[in-house]
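# Structural features, examined
Here is what each chain is made of, one letter per residue.
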Amino acid sequence: MRFPLDSGYLEYQRSGSGIPLLFIHGYPLSRKIWQAQLSGLVDIAAMLAVDLRGHGASYPFDGPYWMDLLAKDCYRLVIEQKVDLPLVVCGLSMGGYITFALYRNHPEIFKGMILTSTRAAPDSPEGKVNREAGIKNVREQGVPVIVNGMLPKVVSTKTSTSNTALVSTIQQIMLETSVNGVIGALHGMRDRPDSTPLLAKITCPVLIVHGADDQLIPVAEAELMSRLIPYAQLVVIPDSGHLPNMEQPQFFNQAVRDYLDGLS
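What comes next is a walk through the structure. Treat the numbers as computed from the prediction; the structure is a model and nothing was measured.

How each quantity is defined
Residues numbered from 1 in each chain as written. Predicted model: local features only at pLDDT ≥ 70, side-chain atom pairs only at ≥ 80, totals over all residues. Heavy atoms only, no water. Helix = DSSP H or I, 4+ residues; strand = E, 2+ residues; numbered from the N terminus. Contact = heavy atoms within 4.5 Å. Phe/Tyr/Trp six-rings, centres within 6.5 Å; stacked < 30°, edge-to-face > 60°. Lys NZ or Arg CZ within 6 Å of the ring centre and 35° of its normal. Axes fitted to C-alpha atoms, helices over the stretch in contact; angles between N-to-C directions. Parallel < 35°, antiparallel > 145°, perpendicular 65-115°, else oblique. Nonpolar A, V, L, I, M, F, W, Y, C, P; charged D, E, K, R; others polar. Buried < 20%, exposed > 50% of the residue type's maximum accessible area, 1.4 Å probe, protein only.

### Points about the side chain of S93
With respect to the element layout, S93 can be found in the loop between β5 (87–92) and α3 (94–105). Other than its neighbours up to four places away in sequence, S93 contacts G26, T116, S117, T118, I217 and H242.

Printed below as a string of C-alpha cells:
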C-alpha cells in the first residue's frame, strides 16, 4: 500500500490482529526483511511494516535522511493510518536509531520497544570515515559496491554456508535500495546523536534481540543497553548475524511472541 508523503510516498504493508506493532527496517534494506514476522505473528499482533525513504519501493527522496526525519515519517504514517495507540515499535539496526528518535519525540505512543541488532552509541570517528567512503563509493560506482561489501558481514558464517537461498534474497533486497536511499541513510547515520543518555529514561518494557555472531554490531552493545534500560530483557539468538529475524525466524518470532504475551 502507498502512503503519500510530501512530494513522494512510502510503501507499507499491514498484517494480523492484536497488539499494534510497527516494524522499522535497517539500511540498506526494506520491509521485505519482516516477511517471516508478518506471516508468523498474525494471531498476536496488528503489524505495520514500512519501506523508509529511498528504500524498497518507497520514493527516492533527496537526502540527508536524519534519524529524526525518518522517525517523523513513521509517526505520520502511524497517525494518519489510525493505528491503535500505544503501540510496540521494533527497529533493526538503523531502524533502532529511528526508534530512539521516535521515543525522544513521542514517548507517549510507546507500549513497548523491540531493539534488534542495534546500538545506542553514535558512530565512532572511524565509523564516520567509513560512512564518508560509502557515500563516495556509491556516487561513483552505484549501489552494488555497497551491497558487495556488506553482504558477507550481514549474516553469520553458518547462514552463509548453509542457507545460500536466504543470502541471495538479502542481496536482492539490498540491491533494490536507491542511490539516494543509500546516501541519505549514510548521512543520517553518520550524524545521528548519542542515544545512550536516553536509555535510562525509557519507561516501557524493552526486548533486546541480537545475533550471537553479529559482525556489524557486537553483542556487547546489546548487553550494555540491557543494563542501562530499566525494564529490559536480552535475547541472544545463536547461529545468526545481523539479521536474526531472517536467519533464525522461529527463534526470533518466539522471543517476540513471549514478549508480547507479557504486555497483554
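### Some words on the packing of aromatic side chains
Applying the stated criterion across every chain yields a total of 4 aromatic pairs. Relative to F61, the ring of Y59 has its centre 5.0 Å away and its plane inclined at 75°; by these criteria the two rings are edge-to-face. An aromatic cluster is present here, built from Y9, Y59 and F61 joined pairwise through their rings. Geometry around F61 places R53 over its ring, the cationic atom sitting 4.3 Å from the centre.

### What to know about the packing of helix α2 (residues 67–80) against α3
At a minimum axis distance of 8 Å, the contact between α2 and α3 shows a crossing angle of 75°. One way to sum up the angle between α2 and α3 is to call them roughly perpendicular. Judged by residue contacts, M67, D68, L70, A71, C74 and Y75 of α2 engage M94, Y97, I98, A101, L102, R104 and N105 from α3. Residues that form the contact of α2 with α3 fall into these classes: 10 nonpolar, 1 polar and 2 charged.

### Thoughts on unusual backbone geometry
Between G63 and the following residue, P64, the backbone shows a cis peptide bond with an omega angle of 0°. Along the chain, P64 turns up in the loop between β4 (45–50) and α2. Here the amide bond leading from L85 into P86 is cis, since omega sits at 0°, within 30 degrees of zero. At K82, a position not held by glycine, the phi torsion is positive, near 55°. With respect to the element layout, K82 can be found in the loop between α2 and β5. Overall, the relative accessible area of 69% leaves K82 in the exposed class. Phi angles above zero are rare outside glycine, and S93 is one such case at about 55°.

### Digging into the environment of V50
Within the element layout of this structure, V50 appears in strand β4. Ignoring any residue separated from it by four or fewer positions in sequence, one finds V50 in contact with L10, E11, Y12, F23, H25, R31, C74 and L77.

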